[in-house]
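Inside the fold
For reference, the chains in residue letters:
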Amino acid sequence: MSSAFVSSDEIRDQFSSAMSAMYQQEVPQYGTLLSLVESVNQEVLAANPTLNSELQNSDELARINVERHGAIRVGSADELAMLRRMFAVMGMEPVGYYDLSVAGVPVHSTAFRPVSDSALKRNPFRVFTSLLRLELIEKVELRKQASEVLSSRDIFTANAKMLIERFEQQGGLNAADAELFVQEALETFRWHDNATVDLATYERLHNEHRLIADVVCFRGPHINHLTPRTLDIDEVQRRMPSVGIDPKATIEGPPRRNCPILLRQTSFKALEETIAFADAAEGKHTARFGEIEQRGIALTHKGRALYDRLLAEARENAPAAANNEAHQAHLSAVFKAFPDDYATLRREQLAFFHYQAVAGKAAQGEMSAEQVERLIAQGALAVTPMIYEDFLPVSAAGIFQSNLGGSSRDNYASSSSQQQFEQALGANVIDEIELYTQRQQALLEQALAQLAG
Ligand code: OOG
Ligand code: NI
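Residues numbered from 1 in each chain as written. Chains lettered and ligands numbered in written order. Predicted model: local features only at pLDDT ≥ 70, side-chain atom pairs only at ≥ 80, totals over all residues. Heavy atoms only, no water.

Per an unreviewed UniProt entry, the chain is named 2-oxoadipate dioxygenase/decarboxylase, and its organism is marine sediment metagenome. Per UniProt, the comment on the chain under Sequence similarities (unreviewed entry) is "Belongs to the 2-oxoadipate dioxygenase/decarboxylase family." The Cofactor (unreviewed entry) field of the UniProt record for the chain holds the comment "Fe(2+)". (UniProt positions renumbered as here; feature names shortened; annotations may be inferred.)

Pasting the structure below:
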């Protein structure tokens, strides 16, 4: 092999920007949304010098303008396993397991994303990837037909597969291969306006569950949304109608806070698109939508348990009217029980932080908790929030539902099946909280060693 390898970070960055360009062409509203998010972000930074420098210090600022997540849904174990290999070329690994069947959506999912601090800084591009659970289709005939349709498609180009193998054999791709890989990988996520089945088959699958039709009837797992990250989701939601975008009724996730936690999201309805069916009939399909997200600090097991408890409490006695203002006011009241300053979040071990040595100060002695507190108080150790890089199952279910035409169905009586998912994937998923724990620990040790040295 001749030239040096292009880094996986670089390939991921190229791919994420190529995907964004493709989706802007496919769904013009996405471009409108990007401009709106960018102006709100600029306004927020101009109005909040503290936030601005905080983001700058933690190297967060640079990534915000390129930060996107997308979502796809695949139909078989083979497709999922090949996707894992494809994302590996871009330095993206499966993190977390999400069971959506409990919310009436017949899929389970993971998020492919970079995991190291340096890779996240460069471009944290993530793809929420769902596997259809055909076994949840009750009608035997329909299940059989769906699996036959799926087994006759190949969602990867020959070149993409060849380059994935080359990457695995060589341990990298040179510049020309990397460039070709980005183009070929993009084909998997492209929209096709011609279905692989006739209209009657589409309708049968659609009647079983709209999502099943979306996964089974097309040549590939079209990217169904691409989500930019905003610094003020309430403001973007407020302004969406003024640019001709109609958001879903409520923002998912925690309420607005001084110290944002986890993830808040809102989406707008899918476009109705014209489809040519295999029998030449014309029909409509709604698959693609837009979404925005605001990310906050990652929570420990303890913090997450508190979040889950408060969210469940808020849902139990939710106000009758589902308008966003009432919903947010109610959430805020319930979430008063969640500490809202970083010092308390840290001392009570509710959230994860980055630690950084401040030059010129020296540490002595061992690494006791008291010692660490003293270094922070002295200003020798700087602490910044560690951003949540993952997703939330309850929010994801809300996003799915709002884009499935609102007709929710009963929960599937099925147990969560991480083991089955991992078997299909051909690998174990990484435990996201374990990952934050390791990153925090490594940063703290590094900072203390620097101060001692
Ligand atoms: C994925 C929905 C979940 C999110 O941001 O929580 C998601 C899908 O509709 O395929 O993207
Ligand atoms: Ni999403």
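1. With respect to the packing of aromatic side chains
Tallied over the full model, the rule gives 16 aromatic pairs. Ring centres 5.7 Å apart and planes at 65° place the aromatic pair Phe15 and Phe189 in the edge-to-face group. In this pair, Phe15 is assigned in helix H1 (residues 8–26) and Phe189 in the loop between helix H9 (175–188) and helix H10 (199–208), connecting sequence segments 174 residues apart. Phe189 shares its class with Phe15; the two are buried. Relative to Tyr30, the ring of Tyr23 lies with its centre 5.2 Å away and its plane at 65°, an arrangement referred to as edge-to-face. The class for Tyr30 is buried, based on a relative accessible area of 2%. Every member of this aromatic cluster is reached through a ring pair, and the members are Phe15, Phe87, Phe112, Phe125 and Phe189. When the ring centre of Phe391 is taken as reference, the NZ or CZ atom of Arg295 above it lies at 5.5 Å. (Phe/Tyr/Trp six-rings, centres within 6.5 Å; stacked < 30°, edge-to-face > 60°. Helix = DSSP H or I, 4+ residues; strand = E, 2+ residues; numbered from the N terminus. Buried < 20%, exposed > 50% of the residue type's maximum accessible area, 1.4 Å probe, protein only. Lys NZ or Arg CZ within 6 Å of the ring centre and 35° of its normal.)

2. Describing unusual backbone geometry
Its identity as a non-glycine residue notwithstanding, Leu262 has a phi of 50°, on the positive side. Position of Leu262 among the secondary structure elements: in the loop between helix H12 (233–239) and strand S6 (263–268). Here the phi dihedral of Ala280 falls at roughly 75°; this positive angle occurs in a residue that is not glycine. As for its position among the elements, Ala280 is in the loop between strand S7 (272–276) and strand S8 (282–286). Looking at Ala280, the relative accessible area reads 70%, which means it is exposed.

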